[in-house]
Amino acid sequence: MPGYEAILRNIEFFSQLDRIEMAKLVPELEELYFHPGEIIFNKGDKGDSLIIITQGQARVFTFSENGDEHQLAIIGQYECLGEMALLTGAPRSASVQAQSELKALKLSRKRFERLMEKHHFLSIHLNKILSQRLVSSNEDAVSDKQSRLAFSEEGMDAATTLDYTPSPTGLDLILIHLRGTLLSRSGFLTMLMVLFSGGLICMLRKVGLTCDQVMLVVLLWLAVVGWSTNALSFNVIALALPVIAVVLGISDTQLAFSGFSSTSWFLVLGVLAMAAAMANTGLLFRAALWMTSKFSPHFANQTMALAVTGVLLTPVIPSADGRTALAGSLALDLIETFGLKDCSRGAVGVAMACMLGFGQMSFLFMNGTTACLLVFGLLPRQTAAVVSWGLWFKAALPLAIFYFIFSWLTLLLLYREKISFDREIIRSQLNILGPLSAKEIVSLIVAAIYLLGVLTQPWHHINSAWMAMLAFLLLFATTVINEDSVRRDIDWNRLISFGSLIGFGAIMQKSGLIEVLAQNASPLVLALSNHQLVFLLVTAVTVHLLRFALPLIPALVISTLTLTQVGSLIGVDPLIIALVILISSNPWFLPYQSTIYGSLAAGSEDRIFYHSQTIKFAYSQVAVILLSISFSVPYWGRIGLM
């Protein structure tokens, strides 16, 4: 819709929005036309939208009790109507009539409220308008305020002579807390956990585990219970594991916190810095709009464009949660562009296309998400030493191709719907974004340097972690990110948890616990020595079942540390097992299972889909994953990984 940028820039309410927010606003603005004398809205109507005049004039009027009309104001070009009703929630306080041929834009209440929540300066601006209008229209405001603030001495006396109950003593408080804890559900679970832990210790000692190994198993069991029941924050439990191991004398400090000095930790830090920088530049939104404009206006083509865009941006914005959060916002804008209703079949399909491309395909790249980097950090050292970005991509490529095709076809089968498509809206959004900004250009150059560095690693032998840190340094030096954005936009909680879990994994490996588990499982594994495909399929199903009880990260830690060791016994490379574990952790049978799914829902403000609408697609993923693994096995055999 040409001319939108000039219109929005001249409207005081929108003039301070950045170009990205302004471009996202375009599909949600509805054009209105009124003839002279036509009523725009009447006093008492529901205040469900904001009206912005783009051409012509309107008069605001009301009627007195005796029926006399009183004109209150003349509203001209680039002024707003109806903001008071939106702010207060009250019906329209006056009527508005077009004085001439009038053009206007209509903004829905939902979008208005989202803008207000995100941009505080809009609240300040509208509060000024509201204050001015209240002062001019309500002559009794001061007296009413004084009457509300008047308190009688008798009332004050009554308020201060309430019945007084002595506070319980410190001992009483302790007894009350203990009694409440023991009688509560969490207290009951705690007692069961303590009893089970005691029995577990006795059983493990009988099978020949050392004292340190037993304590590690118990610590891991307690962490699993804590993660599953949300007894404590995930990050608190993750940090507690190496700390408690040191306190109990199971490990020395250097080994327990070696995760924070590992190359994997610095790789994640650099990757999160790049993700934080690129998420704020508008590159994702621009790329999605450009891809959308290049595909024909059909559901199949547009969902393919969305998913492919997500895959291409994965190594550029290497944060699955960040990508899907942005993709959720993008999907919210695109369903408006496509003329789809909230929570319609087509809207759910658009969201699932975003889920597929921006989130589920992360395993294709070693830096696709922190989960990939965590699994890489947990691989046996001899395997991790030879795995490069290129080898990871080469091994994951067939699995990714089959998974993408099967998932996209399933999506079409479940959610295909006819869409309408206005290329002028996309063109207007791209015009508002304008040419690439300096920060976008710098971000792209830095991303290109990073990708070139990891692709050419076999020649220069520089660890990809230091390439990521070089990217971090360049972004910092060019002010694409600054000290505030480093503190605010980098997920330090995730980094702390990441380092803690890497360190705890190192403790488990040095203690010999992983080797003991592998030896105990060896009879079963050796029975499958001629059935490597069966082993991989069993691994996938095991991870699916494990994800019902555990959050993503602990499930990845446990399955990677054990299954990579076990699989090596029958000639399956640990990298292949790692890829199977990663792809099998994708489904979201229950909403809490996937942070990617949660980020998509949050980004789309829970407007596009209900969980019940996605559950068929989630369960179909199990079959899709098993098929993709089966079709990939011959390729893995040919390249020597099986």
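Refer to the structure printed above.
Residues numbered from 1 in each chain as written. Predicted model: local features only at pLDDT ≥ 70, side-chain atom pairs only at ≥ 80, totals over all residues. Heavy atoms only, no water.

Account for the sheet that holds strand 8 (residues 102-108), with residues named and values stated.
The four strands lie next to each other as 1-8-3-6, forming an open sheet whose pairing is antiparallel. A strand with exactly one partner marks an edge of an open sheet, and here the two such strands are strand 1 (29-34) and strand 6 (80-81). Two elements, strand 1 and strand 8, share six bridges in a ladder whose sense is antiparallel. Note that in strand 8 the partner of Leu 29 across the bridge is Leu 107. (Pairing = 2+ DSSP bridges. Helix = DSSP H or I, 4+ residues; strand = E, 2+ residues; numbered from the N terminus.)

Talk me through the nonpolar core; I want residue IDs and the actual numbers.
Counting 167 residues, the largest nonpolar core has Met 352, Trp 392, Tyr 450 and Leu 536 as its most contacted members. For this core, the element with the highest residue contribution is helix 20 (residues 389-415), accounting for 12 residues. Each residue touching Leu 536, except ones within four places of it in the same chain, is listed here: Val 572, Ile 576, Ile 577, Val 580, Ile 629, Val 633, Trp 636 and Met 642. Within the second largest apolar cluster, 15 residues are counted, among which are Leu 32, Ala 58, Val 60 and Ala 104. (Core = buried A, V, L, I, M, F, W, Y, C linked by side-chain atoms within 4.5 Å. Buried < 20%, exposed > 50% of the residue type's maximum accessible area, 1.4 Å probe, protein only. Contact = heavy atoms within 4.5 Å.)

Explain the pairing of strand 7 (residues 95-98) to me, using residue names and the numbers behind them.
Regular strands place side chains that alternate from one sheet face to the opposite one. Here strand 7 shows a buried face lined by Ser 95 and Gln 97 and a second buried face lined by Val 96 and Ala 98. Sheet topology places strand 2 (residues 39-41) next to strand 7; two bridges connect them, and they run antiparallel. The residue of strand 7 that forms the bridge with Ile 39 is Gln 97. Two elements, strand 4 (residues 58-63) and strand 7, share four bridges in a ladder whose sense is antiparallel. In the strand pairing of strand 7, Val 60 is matched with Val 96.

Pulling in residues and values, what's your account of the pattern of salt bridges?
Taken as a whole and judged by the stated rule, the model has two salt bridges. The partner of Glu 69 in a salt bridge is Arg 59, and the shortest N-O contact between them spans 2.7 Å. One end of the pair, Glu 69, is in strand 5 (residues 69-75); the other, Arg 59, is in strand 4, with 10 residues separating them in the sequence. Judged by relative accessible area, Glu 69 falls into the partly exposed class, the value being 41%. On the basis of relative accessible area, Arg 59 is assigned to the buried category, the value being 12%. For the salt bridge of Arg 487 with Asp 484, the shortest nitrogen-to-oxygen distance reads 2.4 Å. In this pair, Arg 487 and Asp 484 both sit in helix 25 (residues 483-489), three residues apart, roughly one turn of the helix. Residue Arg 487 is classed as exposed on the basis of its relative accessible area, which comes to 55%. Asp 484 gets classed as partly exposed once you look at its relative accessible area, which sits at 42%. (Salt bridge = Lys/Arg side-chain N within 4 Å of Asp/Glu carboxyl O.)

Pulling in residues and values, what's your account of the pairing of strand 4?
With five of six residues buried, strand 4 lies mostly within the body of the structure. Direction of pairing for strand 4 relative to strand 5: antiparallel, over a ladder of six bridges. In the strand pairing of strand 5, Val 60 is matched with Ala 73.

Could you give an account of unusual backbone geometry, naming the residues involved and the relevant values?
Even without a glycine there, the phi angle at Tyr 78 is positive, about 70 degrees. One can find Tyr 78 in the loop between strand 5 and strand 6.

Would you mind going over the packing of aromatic side chains in detail, with residue names and values included?
Scanning all chains against the criterion turns up 18 aromatic pairs. Pairing Phe 61 with Phe 63 gives two aromatic rings, centres 5.7 Å apart and planes at 90 degrees, and the pair type is edge-to-face. One aromatic cluster in this structure is built from Phe 257, Phe 260, Trp 265, Phe 266 and Trp 466. Residue placement shows Arg 59 over the ring face of Phe 61; its charged tip is 4.4 Å from the ring centre. Sitting over the ring of Phe 41, Arg 92 keeps its end group 4.2 Å from the ring centre. (Phe/Tyr/Trp six-rings, centres within 6.5 Å; stacked < 30°, edge-to-face > 60°. Lys NZ or Arg CZ within 6 Å of the ring centre and 35° of its normal.)

So what's going on with the environment of Asn 235? Residues and values would help.
Tracing the backbone shows Asn 235 in helix 11 (residues 234-247). For the pair Asn 235 and Phe 498, spaced 263 residues apart in the sequence, the C-alpha separation amounts to 9.0 Å.

Which residues make up the side chain of Thr 410, and what values go with them?
Structurally, Thr 410 is set in helix 20. A residue is classified by how much of its surface remains accessible, and Thr 410, at 17% relative accessible area, is buried. Only 2.8 Å separates the side chain of Thr 410 from the backbone oxygen of Phe 406, close enough to count as a polar contact. Discounting chain neighbours no more than four positions away, the residues touching Thr 410 are Phe 617, Ser 620 and Val 624. (Polar contact = N/O pair within 3.5 Å; in protein donor to acceptor, adjacent residues only side chain to side chain.)

Can you explain the side chain of Ser 262? Please cite residues and give values.
Along the polypeptide, Ser 262 turns up in the loop between helix 12 (253-256) and helix 13 (263-279). On the accessibility criterion, Ser 262 (18% relative accessible area) is buried. There is a polar contact of 2.8 Å between the side chain of Ser 262 and the backbone oxygen of Gly 259.

Please give an account of helix 18 (residues 370-378) that cites residues and values.
For helix 18, the buried fraction is high: eight of the nine residues fall into the buried class. Residues of helix 18 that are buried: Thr 370, Ala 371, Cys 372, Leu 373, Leu 374, Val 375, Phe 376 and Leu 378.

Residues and numbers for the environment of Gln 429, please.
By the element assignment, Gln 429 lies in helix 21 (residues 423-433). Distance from Gln 429 to Leu 25, taken between C-alpha atoms, is 8.6 Å for residues 404 residues apart in sequence.

An account of the sheet that holds strand 4 is needed here, citing residue identities and associated values.
What the four strands build is an open sheet, ordered 2-7-4-5; its pairing is antiparallel. Every interior strand has two partners, whereas the edge strands, strand 2 and strand 5, have only one. On average, each strand axis in the sheet is inclined to that of its neighbour by 30 degrees, with strand direction left out of account. (Axes fitted to C-alpha atoms, helices over the stretch in contact; angles between N-to-C directions.)

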